[in-house]
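# Working through the structure, step by step
What follows is the residue order along each chain.
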Amino acid sequence: MKILVVDDSEAFRKVMLELLVRRYPEINFWTFGYGDLAYSDQPPYKDWGNFYLIGRYAWEELLACFDGYLGLGGSMWQDYGRKDAFMIRDRTTRLMRELGRPCLMIGNNIGPVKTPGGEALFVDLLERLDDITLRDQASLDWIKSRSQKVNASLAADPVFLYPLPRYSRKANLVGISVNNNPKAPDRNEPYAESVARLVEQ
């Protein structure tokens, strides 16, 4: 079986793809090459016997070779900024459905959605999917309030399945990922400080 995987970022790709290729060794996973394809010759990718890359220039011609589509991550569900991420998924899922292939997405969250146009585009794509899992209740509520045709459910972020070495600790531990915003660098430090205050409370 061949599954086409489309993801949001390099960091997310490493974690999620490793979970997939390790857990399902009988399935071949393929993904688009982003820029230089040389990373396929680097660890951990080169050690995965069931992982392959497609040059982005040829992906449409190869879709008929795949048995299904799996979308990872959630940054595409914003009606500003990452429009390229949305358009790739929109085009890919549209073509895969025409071929009669199943389309699924995991580890998603919706928003912010600030325009009627963005909302309409998102609902159209969501209704095209066979299934989607959301990482938070607000995202699930957003979908359910706009369409009853979407097969959506709440599930923990798949990243929590990633195996970590056992270690001892004396207190509970909370991990929070904070991304730098290159478009508003002056907001990064105050944001991190606000998150830290919330954790302390």
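### Considerations on the overall build of the protein chain
When helices and strands are counted, the protein chain shows 6 helices and 7 strands. The N-to-C order of helical and strand elements in the protein chain reads β-α-β-β-α-β-α-β-α-β-α-β-α. Within the protein chain, buried positions represent 39% of all 201 residues. Contacts spanning at least 24 positions in sequence make up 67% of the contacts within the protein chain whose residues lie at least 6 apart.

### Things to note about the pairing of strand β1 (residues 2–6)
Taken across its 5 residues, β1 has 4 buried, putting it largely inside the fold. The pairing of β1 with strand β4 (residues 68–72) spans 4 bridges and is parallel. Following the sheet pairing, V5 is matched in β4 by L70.

### Some thoughts on the packing of aromatic side chains
Overall, the coordinates contain 4 aromatic pairs when judged by the stated rule. Taking 4.7 Å as the distance between ring centres and 25° as the angle between the ring planes, the aromatic pair formed by W30 and Y52 counts as stacked. In this pair, W30 is assigned in strand β2 (residues 28–33) and Y52 in strand β3 (residues 51–55), connecting sequence segments 22 residues apart. Ring plane angle 85° and centroid distance 5.3 Å describe the contact between W77 and F122, whose orientation is recorded as edge-to-face.

### Considerations on the nonpolar core
Side chains of a nonpolar character, in soluble globular proteins, are inclined to be buried together. Counting 30 residues, the largest nonpolar core has L4, W77, M105, L126, I132 and I143 as its most contacted members. Elements with a contribution of two residues or more to this core: β1, α3 (83–98), β5 (103–108), α4 (116–128), β6 (131–134) and α5 (137–144). Here the element with the most residues in this core is α3; it accounts for 5 residues. Excluding residues that lie within four positions of it along the chain, I143 makes contacts with I110, L126, L134, V150 and A152. Among the nonpolar cores identified, the runner-up in size contains 15 residues, and V21, Y45, W48 and L53 belong to it.

### A look at the layout of surface pockets
In this model, the second largest pocket occupies a volume close to 390 Å³. Lining the second largest pocket are 20 residues, with L20, Y24, F29, L70 and I106 positioned closest to its centre. Of all the elements in the fold, those that place two or more residues in the lining of the second largest pocket are α1 (10–23), β4 and β5. If one sorts the elements of the lining of the second largest pocket by residue count, α1 sits on top with 4 residues. The residue makeup of the lining of the second largest pocket, split by class, is 17 nonpolar, 2 polar and 1 charged.

### Notes on unusual backbone geometry
The residue after G111, namely P112, is reached through a cis peptide bond having omega 0°. With respect to the helices, strands and loops of the structure, P112 is situated in the loop between β5 and α4.

### Concerning the side chain of N50
In this fold, N50 is placed in the loop between β2 and β3. Assessed through its relative accessible area of 8%, N50 is described here as buried. Contacts of N50, omitting those with residues within four sequence positions, involve V21, Y24, P25, I27, N28 and F29.

Calculation notes
Residues numbered from 1 in each chain as written. Predicted model: local features only at pLDDT ≥ 70, side-chain atom pairs only at ≥ 80, totals over all residues. Heavy atoms only, no water. Helix = DSSP H or I, 4+ residues; strand = E, 2+ residues; numbered from the N terminus. Buried < 20%, exposed > 50% of the residue type's maximum accessible area, 1.4 Å probe, protein only. Contact = heavy atoms within 4.5 Å. Pairing = 2+ DSSP bridges. Phe/Tyr/Trp six-rings, centres within 6.5 Å; stacked < 30°, edge-to-face > 60°. Core = buried A, V, L, I, M, F, W, Y, C linked by side-chain atoms within 4.5 Å. 1 Å grid on protein atoms, 1.4 Å probe; cavity = no way out; pocket = protein on both sides within 12 Å on 5 of 7 lines; lining within 4 Å. Points joined across faces, edges and corners; volume = space filled by probe spheres on them. Nonpolar A, V, L, I, M, F, W, Y, C, P; charged D, E, K, R; others polar.

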